[in-house]
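What the coordinates show
Letter by letter, the chains look like this.
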Amino acid sequence: MSPFSRVLSTFFALIIVLFFLINTTTISTSFFTYTSVFSHFLATFHGKNNHHYSFNDQTDQPNLSLRRSTWRNPFIAFKGINDISPSSVFTKKNISRAISPDIAKCGPVELPPNAITLPYCCPILPSPLKIIDFKEFAKPNAPLRVRKPIHLLDDEYMAKLEKGIAIMKSLPENDPRNNIQQAKVHCVYCNGGYPQKPPFQNLKIDIHRSWLFYPFHRWYIYFFERILGNLIGDPNFAVPYWSWDSIEGMQMPKYFANPNSSLYHHLRDPRHLPPYIVDLNYHVNAESTTQDQQVKYNLAFMYKQMVLADTKEVFMGGVYRHGDQAQPAIGSVELAPHNTVHKWVGRADLPSQEDMGTFYTAARDPIFYPHHSNLDRLWGIWTSLDGGRKDYRDDQDWLDSEFFFYDENLNLVRVNIRDSLDTKKLGYVYEEVELPWLNASPKPSRSKLQRQEKKASLLASSQDPMTTTITKFPLVLDSKVSVVVNRPKKLRSKLEKEREEEVLVMEIVDLHSDKDVKFDVHVDDDEEMLSGPDKAEFVGTFTSVPHGRHKSKTKYLVAISKVLEILEAEEDENIVVTLAPIVGKGLVSIGSIMVEYIPK
Ligand code: C2O
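The name given to the chain in an unreviewed UniProt entry is Polyphenol oxidase I, chloroplastic, and the organism recorded there is Arachis duranensis. Turning to the chain, the UniProt record has this under Sequence similarities (unreviewed entry): "Belongs to the tyrosinase family."

Next comes the structure, spelled out in C-alpha cells:
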C-alpha cells in the first residue's frame, strides 16, 4: 500500500466512524444498532422499504425495549429527526408511501394513566423471523363462510363460538392463538407499539382515526375466524355479527350475558345486560330514555352516520401515508356507533371503561369480535349505497398498506389492503338482513321561519362581545359555544351536489387522548334548546376512546349537504355551528371550523 492510499483509507475509516457517531442518537454498542443503520442506509439507497430484519429476538419482555435505539437518515443526518417531512424524503414520484409497521421494532405501548393492567403488547415473533405473504384466497367453488346476526342463530351455532373462545383461553399464554395474545395484536396496532418504517420511525402507527380503520379490522377478524374455526375443527365457522343497527340486535346478545359461558366477561357495565337497549350515541352521563324512544334515536343516528356520510373521507376516515402523523381524521361510524358501543359495554366505574371502553384491553372481551364483524359488514353496505359509493380503492398507497397477523398454523402472515377488498375472495359473506335505518331520515326541529328568526337574532348578537358566539381559534371547548361559519358556495345545483359533498371540517387540536371526551355538533339549532339525535339539526358527535397519548390532533368531518336541504338553508351565506361539550369539558380544543367541498 502506497503512503497516499494509506492516508486515503485512514481518511475514509474516520469518515465512517464519524458517520456512525452522528447517526446513532443513543450511545449503544449493540450490534443491532449498527446493522439497522446499515440496512436502513441500503433501503434508502434503493428507495424502497426493506423487508429483511437484522434481528429477531423480540420476546414478550418489556425490558427489551431498553435496547431500542434510534437512528437518523444518512441523507439528512444533520437535521433533527423532527425536521424530516414526507416532502423532503419522497421527492421522486412512484415511491410507495404505503404504511407498513416495523414489526421488528415493536416497543412498549402508550397506556392511559391508571391503566388497570400494564400489558406489554408486542406479539411474540417467530425465531428465526419468517414472514409469509398472504396468498390463501378462497377457491372459486369452495363454500363461503356466512356471517349471520347473532339474533338469528341458534344455541348449537353459538356453542361453537363458545367452544372456540374457551379453547383460546385455555391455550398457553405464549401461544399466538391464545385470547390474550390476540388482544395484544389489537393493542399493539392501536396504542402505538409499532413505529413506521424508516426514516419515520419516530412516528408511531395507529390504525384508528384514519383510512386504515376498516381494512385493519377486517383482516384482524378474518384471522381470528380462521384460528377459531381451526381450533373447533370447523373451517366453515363464521364469526357472527352483533347487529346493534337492527331492532332485534339492539341489546347485548344474551349468550354474552350468561355467567357460565366463555363469552361472558367480568369487566362490563352491569347495568347494560339484556334486555336493556343499547344507546348508539352513548356517553357515561347519558340518562336512559324509554325503549321506544331509544330505538327511534338509534335508527335516526344510523341514518346520519351511514347515509348522510356519503364521501370516503367522512365515512372511512382520513388519508394516512408513510411519513404522516397518525390519526389524520376519524370516520363517522368509527366515532359512533363504534366508539360509543365500546364504551357502552365497558365498565363505567373503571378509569378508562375497561375492558371494551379502551383499546389496550378491548379485544380481551369476546364481544369485541361480533362488534367488529358488524362494523366490517357496514363497510360493505356503505360502499353499496346510492348504487355504489367510492372508497379509497383508487389509491395505491392505501391498497399497498400492510399489516401482520398469525394464522391458525402459527405462520406470521403479511397482508395488504388490496387483498382485503373482496370478502368472497377471503371466503366469507354476510347474511343480509333488513336495514331499518335506511329510511330514517331526520326531520327538522322547527319550521324554516322559526329557524331563520333564531339565526338572525344570533347573528345580530354575535356582534356583541358578551355573547357566547366566538370567532377566535383555537377554542377550548369548556362550555357550549356557537360559531358562525361561512359557506363559500350557496344554492348549489343538483349536479354539483352529486359531485361534491358539503363538509363541515373541524380541526381538533390538543385532544386529551387519555381521557373520555364527547361533544355534539349542531347546525342552525337553538342553543338554549338543542335538538336530539333524531333531528336534522343534530349533525353528529365526536367521541373518543382513550388511547393513552397525552395530547393528539385529528380532524372531524361532517357531511351537511342533505342536512341543509332538510333545513331549507341552502341559500344561506353561513351556518351557525353549535358545539356542546358532553363529557370531558375543557379537554379538547378546536383549531378551526370550515365548510369545504369534497369530491365524492
Ligand atoms: Cu380497533 Cu373497536 O377497535
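Concerning helix H5 (residues 179-190)
For H5, with 12 residues, the first-to-last C-alpha span of 17 Å sits near the 16 Å given by 1.5 Å per residue. Extensive coverage of H5 is indicated by the burial of 11 of its 12 residues. Turning to H5, its buried residues are Asn 179, Gln 181, Gln 182, Ala 183, Lys 184, Val 185, His 186, Cys 187, Val 188, Tyr 189 and Cys 190. Considering only its buried residues, H5 is in contact with helix H4 (155-170), helix H6 (213-231), helix H10 (368-384) and strand S3 (402-406). Two or three places before Ile 180, at the opening of H5, Asn 178 has a side-chain oxygen 2.7 Å from that residue's backbone nitrogen.

Examining the UniProt feature "domain: Tyrosinase copper-binding" (unreviewed entry) in the chain
UniProt records the feature "domain: Tyrosinase copper-binding" (unreviewed entry) for residues 365-376 in the present numbering. From the first C-alpha to the last, residues 365-376 spans 18 Å; its make-up is 75% helix and 0% strand.

Quick word on the sheet that holds strand S8 (residues 500-512)
Spatially, four strands are ordered S6-S13-S8-S11 in an open sheet, and the strand pairing comes out antiparallel. With one partner strand each, in any of the chains shown, strand S6 (475-476) and strand S11 (551-559) form the two edges of the open sheet. The sheet contact formed by S6 and strand S13 (residues 589-599) spans two bridges and is antiparallel. Looking across to S13, one finds that Leu 475 is bridged to Ile 590.

Some points on the state of the cysteines
Applying the stated criterion across every chain, the model contains two disulfides. With a sulfur-sulfur separation of 2.0 Å, Cys 106 is cross-linked through a disulfide to Cys 122. The sign of the S-S torsion, about -95 degrees, decides the handedness of the disulfide formed by Cys 106 and Cys 122: left-handed. Here Cys 106 is found in the loop between helix H3 (86-89) and strand S1 (131-133), whereas its partner Cys 122 is found in the loop between H3 and S1, with 16 residues between them in sequence. The same class applies to Cys 106 and to Cys 122, which are both buried. Two residues share a disulfide in this structure: Cys 121 and Cys 187, whose sulfurs sit 1.9 Å from each other. Handedness of the Cys 121-Cys 187 disulfide follows from its S-S torsion of about 80 degrees: it is right-handed.

What counts as what
Residues numbered from 1 in each chain as written. Predicted model: local features only at pLDDT ≥ 70, side-chain atom pairs only at ≥ 80, totals over all residues. Heavy atoms only, no water. UniProt positions renumbered as here; feature names shortened; annotations may be inferred. Helix = DSSP H or I, 4+ residues; strand = E, 2+ residues; numbered from the N terminus. Expected span 1.5 Å × (residues − 1). Buried < 20%, exposed > 50% of the residue type's maximum accessible area, 1.4 Å probe, protein only. Contact = heavy atoms within 4.5 Å. Polar contact = N/O pair within 3.5 Å; in protein donor to acceptor, adjacent residues only side chain to side chain. Pairing = 2+ DSSP bridges. Disulfide = S-S within 2.5 Å.

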